[in-house]
Amino acid sequence: FDEGIILKAAKTKIPIDGLSPNTTYYYTPRINKVNVFAANYPQFQTAPVEGREHEFTFTVLTDFGYAKIQDSPKAFLSASLENPSFTIIGGDFDHRDPGRKQLDLNKIRQNTRIMYRENLSHNVIRRKDLANFVLRKTGIVHLWDDHDFAKNNSDGNYVGKKVGLEVYDEYFTSYPRPSPDSGIFQSWTWGHVQFFLLDGRYNRNPSRDPDTAEKTMLGDIQKSWLKEGLQASTATWKIILSGPVFN
């Protein structure tokens, strides 16, 4: 960081420009002119030139369970051994349902922040390996599903969905979203592959609604974006990521 920058907010996003493609960068924040990390620096990899054939690996980690269970899953270390270029943190990052039986938006905001803070924390035993072997080793993209969006089987009628989206943006970066106020759906390319990450919760009609032609899981804006994006894509491979288990 430029030593002249004064960060007045608890969470701040700083854009970094002028990076070279297909390059690994190491970084450390500096507080009061002292590096936070002295060794084992966090790192991320930039994408290869768009459209150019390139061999790479990415991992998907999903359905994490509750962060406060006192054990340390081996999945995070195993995933890191694949040396992924980036990691998709899939749906159900936690199962605590921050919007369950809750109508108070301030309480929903607090619950959601706590959920993300604890899941991204190096100090929570169940997430220590996530911090060490995933968050500090690769770039990430987060895809929510019902349990971390709101509650079990949640949909677009969720009273706290705008708050949930605001908190998502506090804790996670994302690729440019075509409609930032309509959910987390986004797309990016990695060499000759284009990824389409879908949001199956924010605009979803309730499952109990009649099965008519108007019933939707994506909403009109997202569905049109996906169809147009797939038709316009020149990538050799198109990969669609959605909240239920990806395979």
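This section reports on the structure supplied with the text.

## Thoughts on the sheet that holds strand 5 (residues 58-61)
Judged by pairing direction, the sheet is parallel, and its three strands sit side by side in the order 5-6-7 without closing on themselves. Only two strands of the sheet have a single neighbouring strand rather than two, namely strand 5 and strand 7 (139-142). Sheet twist, expressed as the average angle between the axes of neighbouring strands with direction ignored, equals 20°. As defined by bridge partners, strand 5 adjoins strand 6 (residues 86-89) across four bridges and the pair is classed as parallel. Considered in strand 6, the bridge of Phe-58 is made with Phe-86.

## Focus on the environment of Val-134
Secondary-structure assignment places Val-134 in helix 3 (residues 125-135). Overall, the relative accessible area of 2% leaves Val-134 in the buried class. With 119 residues separating them in the primary sequence, Val-134 and Pro-15 have C-alpha atoms 21 Å apart.

## Looking at the environment of Ile-140
Its place among the elements puts Ile-140 in strand 7. On a C-alpha basis, the gap between Ile-140 and Pro-48 in space is 16 Å, while along the polypeptide they are 92 residues apart. Discounting chain neighbours no more than four positions away, the residues touching Ile-140 are Thr-87, Ile-89, Val-134, Leu-135, Phe-172 and Thr-173.

## Notes on the pairing of strand 9 (residues 193-197)
On a regular strand, each side chain points to the face opposite its neighbour's, so the side chains alternate between the two faces of the sheet. Within strand 9, five of the five residues are buried, which leaves the element mostly enclosed by the surrounding structure. Neither face of strand 9 is left uncovered, since the one carrying Val-193, Phe-195 and Leu-197 and the one carrying Gln-194 and Phe-196 both have all their residues buried. Here strand 8 (residues 186-190) folds back onto strand 9 in antiparallel fashion, the turn holding two residues, of which Gly-191 has a positive phi close to 65°. Relative to strand 10 (residues 237-241), strand 9 runs parallel, the two being bridged by five bridges. In the sheet register, Gln-194 faces strand 10, and the bridge partner there is Lys-238. Regarding the hand of the β-α-β motif, the stretch spanning strand 9, helix 6 (residues 220-232) and strand 10 is right-handed.

## What to know about the sheet that holds strand 9
In sheet architecture, strand pairing relies on hydrogen bonds along the backbone and comes in two forms, parallel and antiparallel. If you walk across this open sheet you meet the three strands as 8-9-10, and the pairing is mixed. Only two strands of the sheet have a single neighbouring strand rather than two, namely strand 8 and strand 10. In this sheet, neighbouring strand axes are inclined to one another by 20° on average, regardless of whether the strands run parallel or antiparallel. Strand direction decides the pairing type here: strand 8 and strand 9, joined by five bridges, are antiparallel. Bridging across to strand 9, Trp-190 finds its partner in Val-193. Here helix 6 sits on the sheet and contacts strand 8, strand 9 and strand 10; the angle it forms with strand 9, its principal contact strand, is near 175°.

What counts and how
Here the residue numbering is sequential within each chain, running from 1 through the sequence in written order. Local features in this predicted model are restricted to residues of pLDDT 70 or higher, and side-chain atom pairs are both shown and tallied only at a pLDDT of 80 or more, whereas totals for entire chains, interfaces and linings draw on every residue. Based on all heavy atoms of the structure, the side-chain values leave hydrogens and waters out of the count. Only when DSSP finds a minimum of two bridges between them are two strands counted as paired. The numbering of helices and of strands both runs from the N terminus, where a helix is a DSSP run of H or I of at least 4 residues and a strand a run of E of at least 2. To obtain each axis, a line is fitted to C-alpha atoms, and for helices this fit is confined to the stretch in contact; angles are then taken between N-to-C directions over 0 to 180 degrees. Each residue is assigned to one of three classes by its accessible area relative to the maximum for its type, calculated with a 1.4 Å probe on protein chains only: buried under 20%, partly exposed between the two thresholds, exposed over 50%. The contact criterion used throughout is that any non-hydrogen atoms of two residues lie within 4.5 Å. Whether a crossover is right-handed depends on one test, that the path from the first strand over the helix to the second runs clockwise when the strands point away from the viewer.

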